[in-house]
Amino acid sequence: MTSTSEIPSLDLDLFSDDVLTDPFPVYERIRNAGPVVYLPRYRSYAMGRYADVRAGLADWESFSSAQGIGLNDLANAATQGMIIATDPPEHDRLRDVLASRLSPKAIRQLKDDIERRADELVAPLVRQGDFDAVDDLARAFPISIVLDLIGLPQNGRDKVLGWADAAFSASGPPGPRTDAAFPLLEDQLAYLSSIEPDQLTPGSMGRAIYDAAAAGRIRQESCVPLMSAYVTAGLDTTINAISNAVWYFAHNPEQWDLVRLDPTLIPSAFNEVLRIESPVQFFCRVATRDVDVDGLTLAAGSRVMMLYASANRDERKWADPARFDVRRNPVDHLAFGYGMHGCAGQGLARLEGHSILAALARRVERFEVGAPVRRINQLIRGLDALPTTVRPVAETA
Amino acid sequence: MRITVDEARCEGYGFCAEAAPHLLELDDEGDLKVLSEEVAPGDAANAEAAVRVCPVAALRLEP
C-alpha cells in the first residue's frame, strides 16, 4: 500500500499574473511530476493527466462536489446548494430542471433561430471589416441569446457578465483577487433574489425553475442557486470559445481553409478550440475516502484540483497537444467536464459555436488579428479584447 | 459483452450513436434507443468508443 507521503509536492504558484497568462508550462510540470501532486500553497492536491482527471470526474462517490469546487472556504460556503456543489440525490433533482430545458432534444427547436441570429450578427461585422472579436462578436452573441432564454428582465442585464466573471474568480485561493471578486458574487445573488418569478418571461428557462419549485420538484431555496448556474455558466464557455476560435484561425489560416472548404469539420473544429484553450481551467473535488490515483494514495478529505485545461493538453492522451488541428475531432476532451457534472449547457454552447463558425465560414476568407488583451480570472481563461480585420470571400456572381 | 444506458443520466447528445450506429440511435423524438444490447465481437471497438464519447458517462459496457 502506498502512502500519501509519496505524492510529490511542488511549491508552485498557479495564480501569478505570469501563470494565469500562460499556465501551460506549469501544467506540464504537474503532469510530469506524477498522477497527483501536492500544492502546499493551497493545502490542496492537483491532477493534471487526462486519464486521472477523467476517471476522477466519473467517480463522484469517491470525489465529492458537495464541499464546494473552489480553493477558499468563503466561496465554498457561499456556493452551498448550487448544482455545481452538490452530490446525488440533490444533484439529480437540480440537474433534471436544467436538462429538461437544455438537453439536445429540448433545444432542437432553437436551432433555426440561433443560426439566423448568427447570420444577422456576422454579416454586418464582415461588411464593416474591422471589429473586436470579443466585444462585438463573442460577447454579443451569447448575451443576446442566453439572457433571452433565461428570460431575465432588461434591468440588470448589463451587469450579468461582470458578475459571472467574478462568480468564477471568487473560487480562487485566499488573496486579493478572491477578495475583490467575492462581493460581486454576492451582488449577483442579491440581484437574482430580487427578481420576482413573474418578472421572468413566461416559458423561459428561468421561469421553469420557479415552476419546478411551485410543483414541488425542487425546494424553493434552490431557485436562486439554479438561476446563478444559468447566468454564471451560460456565457463564459461560449464567449471564450468564439474569441479563441478567431485567434486560432487567424494564426492558422490553412486550418480555416479546411473548415471553409468542408463545413462538416465545424463540430470537430469547435471541440478542438475547446480542447486547446479550455475556458474552465479547473474545478475541485474532495476525496470521500482514501483513493488510489494511478498507484498513489490520496487521503480521505483531500481537496484536489481537477485541471481540465492540463488534461486537454496531456501528451499521454493527445499527439502533439499544442498543435491546433481541426481534423483531430477530440470529442472526448474535458473542457465541459465529464460525467454527472458535465456541463448541462454543452448542447446549447455547441449550437451557438457551430452557428457562428458556419456564418463566418460562408463570409470570411482570412482573419487578421492584433495583440489580444487577456482577461485575468482565477478559474477561467479567455480574452478581453481581440482587434480583428477580416477579408471577405470574393462575391460570387 | 453488453452495452447499457442509464436512462436517468442520458440527455440525448447522440455522440454514441455516431460512434456505434449498429448499436445505438437517436429516434425522431431525440431519445436514445439501444438497437442491440448484445455487442458482437466485431462491434466491440465501436461500443467502447460509444461509451468513451458520452459526455455524461451514461453508457456502460459489461462483460
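Whatever comes next refers back to the structure up there.
Residues numbered from 1 in each chain as written. Chains lettered and ligands numbered in written order. Predicted model: local features only at pLDDT ≥ 70, side-chain atom pairs only at ≥ 80, totals over all residues. Heavy atoms only, no water.

Visitor: So what exactly am I meant to see when it comes to the overall build of chain B here?
Guide: Helix and strand counts for chain B stand at two helices and four strands. For 63 residues, the compact-globule estimate of 2.2 N^0.38 gives 11 Å, and chain B sits close to it at 10 Å. Across chain B, the fraction of contacts at a sequence separation of at least 24, relative to all contacts at a separation of at least 6, is 58%. With an accessible surface of roughly 3,400 Å², chain B has 48% of that area assigned to carbon and sulfur atoms. If the 5 positive side-chain charges of chain B are averaged to one point and the 14 negative ones to another, these points end up 8 Å apart. (Helix = DSSP H or I, 4+ residues; strand = E, 2+ residues; numbered from the N terminus. Rg over C-alpha atoms; globule rule 2.2 N^0.38 Å. Contact = heavy atoms within 4.5 Å. Areas by Shrake-Rupley, 256 points an atom, 1.4 Å probe, with all protein chains shown as cover. Lys, Arg positive; Asp, Glu negative; His and termini not counted. Charge placed at Lys NZ, Arg CZ, Asp CG, Glu CD.)

Visitor: Honestly, the pairing of strand E12 (residues 387–392) of chain A in this entry has me stumped. Any pointers?
Guide: Residue and element names in this part refer to chain A. Relative to E12, strand E4 (residues 130–132) runs antiparallel, the two sharing three bridges. Considered in E12, the bridge of aspartate 130 is made with threonine 389. Of the strand pairs in this sheet, strand E9 (residues 364–369) and E12 are connected by five bridges, and their pairing is antiparallel. Bridging across to E12, valine 369 finds its partner in threonine 388. (Pairing = 2+ DSSP bridges.)

Visitor: How do you make sense of the sheet that holds strand E1 (residues 37–39) of chain A when you look at a structure like this?
Guide: In a beta sheet, neighbouring strands are held together by backbone hydrogen bonds and run either parallel or antiparallel to one another. All names here are of chain A. In spatial order, the strands read E1-E2-E8-E5-E3; together these five strands make up an open sheet with mixed pairing. The sheet terminates laterally at E1 and strand E3 (63–64), the two strands that pair on one side only. Bridging between E1 and strand E2 (residues 44–47) involves three bridges; their strand directions are antiparallel. Across the sheet, residue valine 37 finds its bridge partner in E2, namely alanine 46.

Visitor: When you look at helix H14 (residues 253–261) of chain A in this model, what are you seeing that I'm missing?
Guide: Think of an α-helix as 3.6 residues a turn; residues three or four steps apart then line up on the same face. All names here are of chain A. When we look at burial in H14, the residues that qualify are Gln255, Trp256 and Val259. All buried residues of H14 lie within an arc of 100° about the axis, which places them on one face of the element. Where H14 is buried, its residues contact helix H13 (236–251), helix H15 (266–276), helix H17 (346–363) and E9. (Buried < 20%, exposed > 50% of the residue type's maximum accessible area, 1.4 Å probe, protein only. Arc of directions from axis to C-beta.)

Visitor: Would you mind showing me how to read the layout of surface pockets here?
Guide: A water-sized probe, rolled over the atoms, reveals where empty space remains. As a volume, the largest pocket reaches approximately 760 Å³. Residue lining of the largest pocket: 27 residues in total, with Arg350 and His354 of chain A together with Tyr13, Phe15 and Glu18 of chain B positioned closest to the centre. Elements that contribute at least two residues to the lining of the largest pocket include exactly helix H6 (104–107), helix H7 (111–128), H15 and H17 of chain A together with helix H1 (15–19) of chain B. The class makeup of the residues in the lining of the largest pocket is 11 nonpolar, eight polar and eight charged. (1 Å grid on protein atoms, 1.4 Å probe; cavity = no way out; pocket = protein on both sides within 12 Å on 5 of 7 lines; lining within 4 Å. Points joined across faces, edges and corners; volume = space filled by probe spheres on them. Nonpolar A, V, L, I, M, F, W, Y, C, P; charged D, E, K, R; others polar.)

Visitor: It is not clear to me how the sheet that holds E9 of chain A should be interpreted in this structure. Could you clarify?
Guide: Residue and element names in this part refer to chain A. The three strands lie next to each other as E4-E12-E9, forming an open sheet whose pairing is antiparallel. Of all the strands in the sheet, just E4 and E9 have a single pairing partner and so form its edges. Each neighbouring strand pair of the sheet contributes to a mean axis angle of 30°, computed without reference to strand direction. Contacts from H17 reach E9 and E12, with the element oriented near 105° to E9. (Axes fitted to C-alpha atoms, helices over the stretch in contact; angles between N-to-C directions.)

Visitor: What is the right way to look at the pattern of salt bridges in this model?
Guide: Residue and element names in this part refer to chain A. The final tally for this structure, using the stated rule, is 41 salt bridges over all chains. As a salt-bridge pair, arginine 116 and aspartate 113 come within 2.4 Å of each other at their nearest N and O atoms. Here arginine 116 pairs with aspartate 113, and both are found in helix H7, just three residues apart, close to one helical turn. We classify aspartate 113 as partly exposed; its relative accessible area is 26%. In this structure, the salt-bridge partner of arginine 375 is aspartate 165, at a minimum N-O distance of 1.9 Å. (Salt bridge = Lys/Arg side-chain N within 4 Å of Asp/Glu carboxyl O.)

Visitor: Please clarify how empty space enclosed by the protein should be interpreted in this entry.
Guide: Residue and element names in this part refer to chain A. Under the counting rule described, the total for this entry stands at six cavities of 30 Å³ or more. By volume, the largest cavity is sized at about 840 Å³. Along the walls of the largest cavity sit 49 residues, with Ile84, Phe168, Ala229, Ala233 and Phe283 positioned nearest its centre. With six residues, helix H12 (residues 223–233) is the single largest residue contributor to the lining of the largest cavity. Split by residue class, the lining of the largest cavity holds 30 nonpolar, 15 polar and four charged.

Visitor: For this particular structure, what's the right way to read the environment of valine 53 of chain B?
Guide: Residue and element names in this part refer to chain B. Residue position: valine 53 is located in helix H2 (residues 44–53). A relative accessible area of 11% means that valine 53 is categorised as buried. Taking the C-alpha atoms as reference, valine 53 lies 9.3 Å from glycine 14; in sequence the two are 39 residues apart.

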